[in-house]
Amino acid sequence: MSFVSEQPKQYAGQESFFGGSPPLDVSVGYIVVLGFGAAFSLFTTALVYMEKCFSGEAVMTSEKFNTAGRTVKTGLTASVIVSQWTWAATLLQFSNVAWQYGVSGPF
């Protein structure tokens with residue numbers, strides 16, 4: 001079984017749809033990544049500070065963080081286990097199909 005790409009003739013032999021030059025400068029990528037990272041970290045810090053001020057519960061230990069304060073029920077734990085098993089099986093099958101049909105096979 002072979003897969004044939006239906007590429008328009010105007011793009012035949014080209015390596016890029018942008019004529020070989022990137023549409024944005026590399027510095028724009030760094031600004032976006034670092035800017036969003038800084039914005040999200042400041043937003044999270046503000047939320048934690050507001051929770052500390054309004055709820056009055058400022059003590060957070062690593063045990064409470066890792067166990068969600070021991071409030072996770074059996075159903076959620078079971079669904080997490082099933083989703084992890086499904087994800088592992090999906091990745092293995094994806095690898096098999098990619099090996100058999102090529103990179104575009106699983107898509």
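Predicted model only: the values in this text are computed from it and were never measured.

About the thresholds
- Residues numbered from 1 in each chain as written.
- Predicted model: local features only at pLDDT ≥ 70, side-chain atom pairs only at ≥ 80, totals over all residues.
- Heavy atoms only, no water.
- Helix = DSSP H or I, 4+ residues; strand = E, 2+ residues; numbered from the N terminus.
- Buried < 20%, exposed > 50% of the residue type's maximum accessible area, 1.4 Å probe, protein only.
- Areas by Shrake-Rupley, 256 points an atom, 1.4 Å probe, with all protein chains shown as cover.
- Phe/Tyr/Trp six-rings, centres within 6.5 Å; stacked < 30°, edge-to-face > 60°.
- Expected span 1.5 Å × (residues − 1).
- pLDDT = per-residue confidence, 0-100.
- Patch = residues over 30% accessible without salt bridge, like charges linked within 9 Å, V, L, I, M, F, W, Y side chains within 5 Å.
- Salt bridge = Lys/Arg side-chain N within 4 Å of Asp/Glu carboxyl O.

Some thoughts on the overall build of the protein chain
Scanning the protein chain from N- to C-terminus turns up 3 helices and 0 strands. A buried classification covers 1% of the 107 residues belonging to the protein chain. Carbon and sulfur atoms make up 67% of the accessible area of the protein chain, which totals about 10000 Å².

Let's talk about the packing of aromatic side chains
Any pair of aromatic rings gets described here by the distance separating the centres and the angle formed by the planes. Within this structure, the stated rule accounts for 1 aromatic pair. With a centroid separation of 6.1 Å and an interplanar angle of 25 degrees, the aromatic rings of Phe36 and Phe40 are classed as stacked. Taken as a pair, Phe36 and Phe40 lie in helix 1 (residues 26-55) at a separation of 4 residues, close to a single helical turn.

Considering helix 1
An α-helix turns once per 3.6 residues; consequently, residues spaced three or four apart project the same way. With 30 residues, helix 1 extends 43 Å from end C-alpha to end C-alpha; this agrees with the ideal 44 Å at 1.5 Å per step. Directly beyond the C-terminal end of helix 1, a positive phi value near 80 degrees is found at Gly56.

Describing the confidence of the model for the protein chain
For the protein chain, the average pLDDT comes to 81, and 89% of its residues sit at 70 or higher. Model confidence for the protein chain, summarised as mean pLDDT per element, is weakest for helix 2 (residues 62-67) at 75 and strongest for helix 1 at 92.

Some remarks on helix 3 (residues 74-101)
Given a rise of 1.5 Å per residue, 28 residues ought to cover 40 Å, and the 40 Å separating the end C-alpha atoms of helix 3 matches this to within 8%. Where helix 3 terminates, the next one or two residues include Gly102, which has phi positive at roughly 95 degrees.

Some details on a nonpolar patch on the surface
A surface patch of nonpolar side chains, amounting to about 480 Å² of accessible area, comprises Leu24, Val28, Val32, Phe36 and Phe40. Tracing the backbone shows Leu24 in the segment before helix 1.

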